[in-house]
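As a plain string of letters, each chain reads:
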Amino acid sequence: FSAWLRQIGDGGDPGNSDTADEVELAVETVATKKALSALVETLEAAELVAFDTETTSLESLDADLVGFSFAVEPGKAWYVPVAHVEQDTEFSRDEAVAALKPLLENAKIPKLAQHTKYDLNVLVRAGIELAGIAHDTMLESYCHNATATRHDLDSLAARYLGRQTTSYEQVAGKGKQQLRFDQVPVGQAAAYAGEDAEVCVCLHQRLWPELQKHPSVQHVYETLEIPLISVLARMERTGVLVDRDTLSAQSAEIAERLQALEGQAWKTAGGEFNLGSPKQLQEILFERLEIPVVRKT
């Protein structure tokens, strides 16, 4: 049914009756030091900064930074290339990172992203400690509709905005011929990356008011989900300490308890049987113990 709904233009969400958002997106590629400084000034003055990182890998702990994209309102975005194989910029990767670092580390400037945990770990590898995480569209979607099967940016754009976004395959290719993002021409990369940041803004404008309608959901989002982003990211980078002795003791305790419960079940049933066998359990419960059958499922 979801596929049929998409074919008739409903975006695959039975509850979505909105028409597609009409947005003409202009993406500016930042290539000069003057343009980079102007961008930083614009972002510092914004109420909320949507950003995205473009990298060489989907694994955040192995990913190298290729570019930044930013947006503060629908219809406009910026792309800052920093490590494309072929790019013509006045600044180096390190100079771009140094210029954007104070902005991204400023906790007083609210940030918005999709799946911020990934970007956070990417930025740590680049020497930036992201601060000021205010919103995450993936978590907004999850809190708004936890039973939805997909919370990726493309699915959310189709569901809530009626927009068909550019896929990674469209700019980088597929299979063995697929390019790393640093091999993608800057012009194509800018259009793709800028769209990601701008779509975040549009999604936030659609989803945040929905969360605010339900104070208990908003509370979970603001006090649990958002703070956990940095905690989980740090756990991914550092690892988790496992106490083998404690786990071993717990295992022994549980095994002993399970054995006692199994013995109790056998005593009640009047003989030994395999508790993991639905067929044997059926015989014990409904034939031997004559428990009434309410329904046969």
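Above this note sits the structure.
To start, this report covers the structure provided alongside it. (Residues numbered from 1 in each chain as written. Predicted model: local features only at pLDDT ≥ 70, side-chain atom pairs only at ≥ 80, totals over all residues. Heavy atoms only, no water.)

Observations concerning the nonpolar core
And then number 1: Of all hydrophobic cores here, the largest spans 39 residues; its most connected members are Val30, Phe68, Phe70, Val80, Leu100 and Leu104.
And then number 2: If we ignore the near neighbours within four places in the chain, the residues touching valine 30 are Ala35, Leu36, Leu39, Trp78, Tyr79, Val80, Pro81, Thr89 and Phe91.
And then number 3: Counting residues in hydrophobic clusters, the runner-up holds 17 residues, among them Leu48, Ala71, Leu112 and Ala157. (Core = buried A, V, L, I, M, F, W, Y, C linked by side-chain atoms within 4.5 Å. Buried < 20%, exposed > 50% of the residue type's maximum accessible area, 1.4 Å probe, protein only. Contact = heavy atoms within 4.5 Å.)

Quick look at the pairing of strand S4 (residues 76-81)
And then number 1: Counting buried residues along S4, five of its six residues qualify, which places the element largely inside the surrounding structure.
And then number 2: Two elements, strand S1 (residues 26-29) and S4, share four bridges in a ladder whose sense is parallel. Following the sheet pairing, valine 27 is matched in S4 by alanine 77.
And then number 3: With five bridges joining them, strand S3 (residues 65-73) and S4 adopt antiparallel strand pairing. The partner of phenylalanine 68 across the bridge, within S4, is valine 80.
And then number 4: Here S3 folds back onto S4 in antiparallel fashion, the turn holding two residues, of which glycine 75 has a positive phi close to 90°. (Helix = DSSP H or I, 4+ residues; strand = E, 2+ residues; numbered from the N terminus. Pairing = 2+ DSSP bridges.)

Brief notes about the pattern of salt bridges
And then number 1: Scanning the model with the defined rule gives ten salt bridges in all.
And then number 2: Residues aspartate 94 and arginine 93 are paired through a salt bridge, measuring 3.4 Å at the closest nitrogen-oxygen approach.
And then number 3: You can call aspartate 94 exposed: its relative accessible area is 56%. (Salt bridge = Lys/Arg side-chain N within 4 Å of Asp/Glu carboxyl O.)

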